[in-house]
Amino acid sequence: MMNEELSRQIKAEALRLGFSACGVSPADAVDDIHRAAFLDWLGDGCQAGMDYMARNVEKRLDPRLLVEGAQSVISVALNYYPSRLIAKDEYQLAWYAYGEDYHTVMKEKLARLADYVTTLMPGCTGRAFCDTAPLLERYWAWRGGLGWIGRNTQLIIPRAGSAFFLGELVIDRPLACDSPMQSRCGTCTRCLTACPTGALRAPHRLDARLCLSYLTIEHRGDIPPQAAKHLGNSIYGCDRCQQACPWNRFTTPATETRLAPRADLLAMRRADWVALSPERYRTLFKGSAVKRAKYEGLMRNIAAAHQYKSSTK
Ligand code: SF4
Ligand code: SF4
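Cut-offs used in this document
Residues numbered from 1 in each chain as written. Chains lettered and ligands numbered in written order. Predicted model: local features only at pLDDT ≥ 70, side-chain atom pairs only at ≥ 80, totals over all residues. Helix = DSSP H or I, 4+ residues; strand = E, 2+ residues; numbered from the N terminus. Contact = placed C-beta atoms within 7 Å. Domains from an automatic or database assignment. Buried ≥ 20, exposed ≤ 12 C-beta atoms within 10 Å, placed from the backbone. Pairing = 2+ DSSP bridges. Near = placed C-beta within 6 Å. Nonpolar A, V, L, I, M, F, W, Y, C, P; charged D, E, K, R; others polar. Expected span 1.5 Å × (residues − 1). Arc of directions from axis to C-beta.

Novice: How would you explain the environment of T251 if you had to name every residue and give the values?
Specialist: By secondary structure assignment, the location of T251 is in the loop between α9 (240–243) and α10 (263–266). When the C-alpha atoms of T251 and F164 are compared, they prove to be 9.8 Å apart, with 87 residues separating the residues in sequence. If we skip the residues at most four places from it in the chain, T251 touches Y81, G161 and A163.

Right, dumping it as structure tokens:
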């Protein structure tokens, strides 16, 4: 079968499996512009406490060092936009965290796509990734023609928005590749204006040290007051630079049932959060990505949001 036909069939199968987009790129080194931007971002310390970003740098910049004999990167996007949102005046979780842990869902779907790829190309080997290894996922999604990287650093899919998990299959076979997409941000700067902490220091430059998403999920220790005072209702993650993006007018609810909002989560009120016990936390977030912040981390966020809300009344 010709490479064009293989790529066409793989993309068709990806859509059949429930992915919203799929594209292919050659598994070579990250281009000079993105390499320089990544190294500059690291040099500036923008990764904050995510020390793993500064490890395996060369692997992150060349998938052939991650997967022996790698020739193609198949990128996929899975919609996570919730079908129902938490009421605006209640404490907020990032959209992606409303349902089951995306790692589990993406891993299972990628395994099914990998099975299909092996059926098409017997003997083909490779690895699946979803936020689990040093791979510049948004770069590969862009290279594979899924969308462009917006000024808010998110991958934006035309007429669909940015509420997508990304995943990849890196395989040892050549495929027909897609072309990278031109940016469609135009003259817009809404995401930069919407960021309350200045974490989006410039287009495409996100300083995690100031980012509420990083500070409420990855960061251990107190949230610095200059950022905490902007928490508002955010107690896990922050979507403000996504919500401000006009391309997210096109979001449609995720169809993957495992990513659907949990009813007990939608029912939580401010007082329930403040009184959250470790037992209730475990039930509420069983199999959820929110476990990443741990009980202590979530309660720290709730206390900080509560404190700054009270002090600004
Ligand atoms: S997630 Fe929030 S704090 Fe972080 S860059 Fe976006 S708007 Fe700013
Ligand atoms: S808000 Fe505007 S500048 Fe920012 S990512 Fe969206 S389109 Fe691009």
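Novice: Break down the domain arrangement of the chain for me, with residues and values.
Specialist: The extent of an interface is frequently quoted as the accessible surface area lost upon association of the parts. Domain boundaries assigned for the chain yield domain 1 (3–89 + 96–171) and domain 2 (190–244 + 262–311). Placing a centre on the C-alpha atoms of domain 1 and another on those of domain 2 gives a separation of 25 Å. Across the contact, 24 residues belong to domain 1 and 24 residues belong to domain 2. When contributions to the side of domain 1 that touches domain 2 are tallied by element, the ones reaching two or more residues are α2 (32–43) and α4 (102–120).

Novice: Lay out the pairing of strand β2 (residues 72–79) in plain terms, naming residues and giving numbers.
Specialist: Counted residue by residue, β2 has eight buried out of eight residues, so it is predominantly covered. Residues of β2 alternate between two faces, with S72, I74, V76 and L78 on one and V73, S75, A77 and N79 on the opposite face, all of them buried. Inspection of the sheet shows strand β1 (residues 21–26) paired to β2 by six bridges, in the antiparallel sense. By the bridge assignment, V24 is partnered in β2 with I74. Bridging between β2 and strand β7 (residues 164–171) involves eight bridges; their strand directions are antiparallel. Bridge assignment links I74 to a residue of β7, and that residue is L169.

Novice: Can you explain the site of ligand 1? Please cite residues and give values.
Specialist: All residues adjacent to ligand 1 are A194, C195, T197, A199, L200, L206, C211, L212, S213, C238, R240 and C241. Broken down by secondary-structure element, the contributors of at least two residues to the shell around ligand 1 are α7 (212–217) and α9. Looking at the shell around ligand 1 residue by residue, the classes come out as nine nonpolar, two polar and one charged.

Novice: Explain unusual backbone geometry to me, and be specific about the residues and the numbers.
Specialist: The phi angle at D131 is positive, at roughly 60°, despite the residue not being glycine. Note on placement: D131 falls in the loop between β4 (126–129) and α5 (137–143). Note on D131: 14 C-beta atoms within 10 Å, which makes it partly exposed. The phi dihedral of R159 is positive, around 55°, even though this residue is not glycine. Taking the C-beta count within 10 Å as the criterion, R159 has 11 such neighbours and is therefore assigned exposed.

Novice: Pulling in residues and values, what's your account of helix α1 (residues 3–16)?
Specialist: Here α1 is 14 residues long and its end C-alpha atoms lie 20 Å apart, about the 20 Å a rise of 1.5 Å per residue gives. Residues of α1 that are buried: L6, S7, I10, K11 and A14. With its buried residues spanning 130° around the axis, α1 presents them on a single face. Exposed side of α1, more than 90 degrees from the buried face: E4, E5, A12, L15 and R16 are the residues found there. Buried-residue contacts for α1 involve β1, β2 and α4.

Novice: Can you lay out the environment of N301 for me, pointing to particular residues and giving the numbers?
Specialist: Tracing the chain through its elements places N301 in helix α13 (residues 294–311). With 25 C-beta atoms packed within 10 Å, N301 lands in the buried category. In this structure the C-alpha to C-alpha distance between N301 and E218, which are 83 residues apart in sequence, comes to 12 Å. Filtering out sequence-adjacent residues up to four positions away, N301 remains in contact with T216, I235 and Y236.

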